[in-house]
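# Reading the structure
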Amino acid sequence: MLRARWSGYEIDSSEAAYEAQVHRPEELGTLVRNFLTSGYFVKSYYSLFEEPLERLRDFIKEHGDPKDKLTAKALEQLDKQIAKFDPSSWRAPRTGVRTIEPILNYVGAHRQELLEAQVFRFELTDEQKEMYEDYDYEFEVGQKIDEASFYSGTEIPFDGTVIYLGCDLVKASKLTPAEQKKARRIARGAGKRMDEFGGPGMFGESWADMLASDLESSMNVTLRVRLNPDATLSITGRWMEDGQFLHDYYAYMLDQAAEKAGAEIGTYVL
């Protein structure tokens, strides 16, 4: 089951989140591939955190069975992805589902060994340490992380992170006619609520028209896979949107993606 949790509804830039439990760890990569290739994401993904992949490659080279097909495939894809890393560039390297799937299936199949070897054990960043002083957060490496406790994605510890991707939802115009109709209905409903709440938007434009135009904008969503302290795996992600006015639209798109991936999704507001 893919279960999601959504956060936010404020009249400023706020974040929302989804969370997923992985019930068949050995098929983790296949689940993520099916989710990302469901037709609701732009087929271009960005690797936002490089060190877990480098650590995983080192672990496989030292402990993996080179005669095992999955191990060999995962190592091949890791070498290809790591070759794209450029420490002198600020751009996140692109990746694809052919790379992601065998790597995550390997992690799912060897999760206990990876946990015991602390391959994905990460301390807080210096920036996070400063944030925690301001927000009175407490964190100990190796503890279970409840991402819903963190207001911003930048505050979430990297501990346990296997892969961290930047993704984009497709524009509404790329959806089927029936889905486009549903999308416009969601935007009109949200616009009507905002008109009733605060009157017309900027320059007298209706909120419905403003939100409808947003459906053709780039909508970023992250996807993070984490190996938890109990050797379970989870899929989480976040996005930022002004006021979360289009929260229902994001929820609809992710729900559609999960359905196409053969997963059951539930959403709720925090």
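Please refer to the structure higher up on the page.
Note that this is a predicted model, so its numbers are computed, not measured. (Residues numbered from 1 in each chain as written. Predicted model: local features only at pLDDT ≥ 70, side-chain atom pairs only at ≥ 80, totals over all residues. Heavy atoms only, no water.)

## Description of the packing of helix α2 (residues 51-63) against helix α4 (residues 97-109)
Where we set the bar: Convention adopted: a line fitted to C-alpha atoms gives each axis, helices being fitted over their contacting stretch, and angles between N-to-C directions are expressed from 0 to 180 degrees. Going along the chain from the N terminus, every DSSP run of H or I of four or more residues is numbered as a helix, and every run of E of two or more is numbered as a strand. Left-handed describes a crossing whose near helix is turned anticlockwise from the far helix through less than a right angle; right-handed describes the clockwise counterpart. Here, residues are in contact when the closest pair of their heavy atoms is within 4.5 Å. Gly counts as polar in this scheme, as do all residues outside two lists: the nonpolar Ala, Val, Leu, Ile, Met, Phe, Trp, Tyr, Cys and Pro, and the charged Asp, Glu, Lys and Arg.
Between α2 and α4, whose axes approach to 12 Å, the crossing angle comes to 65 degrees. Every pair of crossing elements has a handedness; the one defined by α2 and α4 is left-handed. Contacts from Leu53, Leu56, Phe59 and Ile60 of α2 reach α4 at Ile103, Tyr106 and Val107. Each residue belonging to the contact of α2 with α4 can be placed in one class, and the counts come to seven nonpolar, no polar and no charged.

## What to know about the nonpolar core
Note the cut-off: Nonpolar core, defined: a set of buried Ala, Val, Leu, Ile, Met, Phe, Trp, Tyr and Cys residues in which side-chain atoms within 4.5 Å join the residues together. Exposure categories follow from relative accessible area, calculated using a 1.4 Å probe and restricted to protein chains: below 20% of the type maximum is buried, above 50% is exposed, and the middle band is partly exposed.
Counting 70 residues, the largest nonpolar core has Leu36, Leu223, Val225 and Tyr249 as the members making the most contacts within it. With seven residues, the single largest contributor to this core is helix α9 (residues 247-260). For leucine 223, the residues in contact, after removing those within four places along its chain, are Tyr18, Val32, Phe35, Leu36, Ile163, Tyr164, Leu165, Cys167, Ile235, Thr236 and Gly237. If you look at the next biggest cluster of nonpolar residues, it comprises six residues, including Leu124, Tyr132, Phe139 and Ile145.

## Looking at a positive patch on the surface
The following threshold applies: What goes into a patch is any residue over 30% in relative accessible area without a salt bridge, connected to like charges within 9 Å or, for nonpolar side chains (Val, Leu, Ile, Met, Phe, Trp, Tyr), within 5 Å. To be clear on the numbers: accessible area is Shrake-Rupley with a 1.4 Å probe, and residue cover counts the displayed protein chains and nothing else. Any Lys or Arg side-chain nitrogen found within 4 Å of a carboxyl oxygen on Asp or Glu counts as a salt bridge. Counted as positive: Lys and Arg. Counted as negative: Asp and Glu, with His and the chain ends omitted from the count. Every charge is mapped onto a representative atom, which is NZ of Lys, CZ of Arg, CG of Asp or CD of Glu.
Among the surface-exposed residues, Lys181, Arg184, Arg185 and Arg188 lie close enough to one another that they form a single positively charged patch. Topologically, lysine 181 is positioned in helix α7 (residues 177-198).

## Comments concerning helix α1 (residues 28-36)
The test is simple: In this context, the arc is that of the directions from the helix axis out to the C-beta atoms.
Of all the residues in α1, the buried ones are Leu28, Gly29, Val32, Phe35 and Leu36. For α1, the angular spread of the buried residues around the axis is 125 degrees, confining them to a single face.

## A short note on helix α8 (residues 207-214)
Helical geometry: 3.6 residues make up each α-helical turn, so side chains three or four residues apart lie on a common side. Among all positions of α8, only Trp207, Ala208, Met210 and Leu211 are buried. Buried residues of α8 fall within an arc of 165 degrees about the axis and therefore sit on the same side.

## Quick notes on the pairing of strand β4 (residues 161-169)
Here is the rule: By the convention used here, strands pair only if DSSP detects at least 2 bridges between them.
Burial runs high along β4: nine of the nine residues are buried. One ladder, built from eight bridges, connects β4 with strand β5 (residues 219-227); its direction is antiparallel. Directly across from isoleucine 163, in β5, lies its bridge partner valine 225.

Read these as geometric descriptors, not functional statements.
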